[in-house]
Amino acid sequence: MISLQASTSPPPEQGESPAVTGAAYGMLFVLGVVLGVVGGFEHSWYAGDVPVAAIVWLPILFAVPYAMGRLIGGKMGALLPAAGWMLVSFFLASKQAAGDLVIAADPAGYWYLYGGTAALVVAIMVTRSQGSWLLRR
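Worth saying up front: this structure is predicted, and the values here are computed from it rather than measured.

**Overview of the nonpolar core**
Thinking step 1. Core analysis: the largest hydrophobic core is formed by 17 residues, its most contacted members being Leu35, Trp57, Leu61, Trp85, Ile103, Tyr112 and Leu120.
Thinking step 2. At the level of elements, helix H2 (52–72), helix H3 (75–92) and helix H4 (107–126) are the ones that each hand at least two residues to this core.
Thinking step 3. Looking at this core, the element that brings in the most residues is H4, giving six residues.
Thinking step 4. Among residues more than four places away in sequence, those in contact with Leu120 are Leu61, Pro65, Ala82, Trp85 and Met86.

This is the structure:
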């Protein structure tokens with residue numbers, strides 16, 4: 001005989017699928033790459049002797065990884081855009097085979113590279129995490 005009694009156990013929790021999580025992390029890395037490419041070519045606007053565009057990039061380079069870390073809920077969300085930016089920016093600052101480089105060794109380049117790296121590190125450090133992934137069961 002079939003029992004029509006209601007089940008008292010709660011339904012299993014549905015989490016994000018690994019494919020969705022991987023796609024989100026991949027897009028965060030691509031976001032960092034886009035920031036690096038755009039910033040690499042647009043950081044050298046000056047107002048007199050002040051590298052205005054490079055200084056304007058610093059709060060952007062703090063805000064984007066910090067916001068993504070808060071939205072994802074962990075430091076990995078902040079680390080991936082930072083890694084994409086660093087990869088592209090330091091590549092654009094290195095001398096290529098033809099002798100060209102995009103980010104020059106001038107005040108704008110220094111503000112953009114070193115100030116941007118500091119902004120990214122601070123953004124990663126102040127992003128709250130949902131707990132250590134090592135301690136999860």
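**Structural notes on the environment of Gly115**
Thinking step 1. Along the chain, Gly115 turns up in helix H4.
Thinking step 2. Between the alpha carbons of Gly115 and Leu58 there is a distance of 6.4 Å; along the sequence they are 57 residues apart.

**A look at the packing of aromatic side chains**
Thinking step 1. Inspection of every chain in the model, using the stated rule, returns four aromatic pairs.
Thinking step 2. Look at Trp57 and Tyr112: their rings are 6.1 Å apart centre to centre, the planes differ by 80°, and that puts the pair in the edge-to-face class. Of this pair, Trp57 sits in helix H2 while Tyr112 sits in helix H4, placing them 55 residues apart in sequence. Across this residue pair, the class does not change: Trp57 and Tyr112 are buried.

Criteria and cut-off values
Residues numbered from 1 in each chain as written. Predicted model: local features only at pLDDT ≥ 70, side-chain atom pairs only at ≥ 80, totals over all residues. Heavy atoms only, no water. Core = buried A, V, L, I, M, F, W, Y, C linked by side-chain atoms within 4.5 Å. Buried < 20%, exposed > 50% of the residue type's maximum accessible area, 1.4 Å probe, protein only. Helix = DSSP H or I, 4+ residues; strand = E, 2+ residues; numbered from the N terminus. Contact = heavy atoms within 4.5 Å. Phe/Tyr/Trp six-rings, centres within 6.5 Å; stacked < 30°, edge-to-face > 60°.

Remember that the coordinates give geometry; whether it matters functionally is a separate question.
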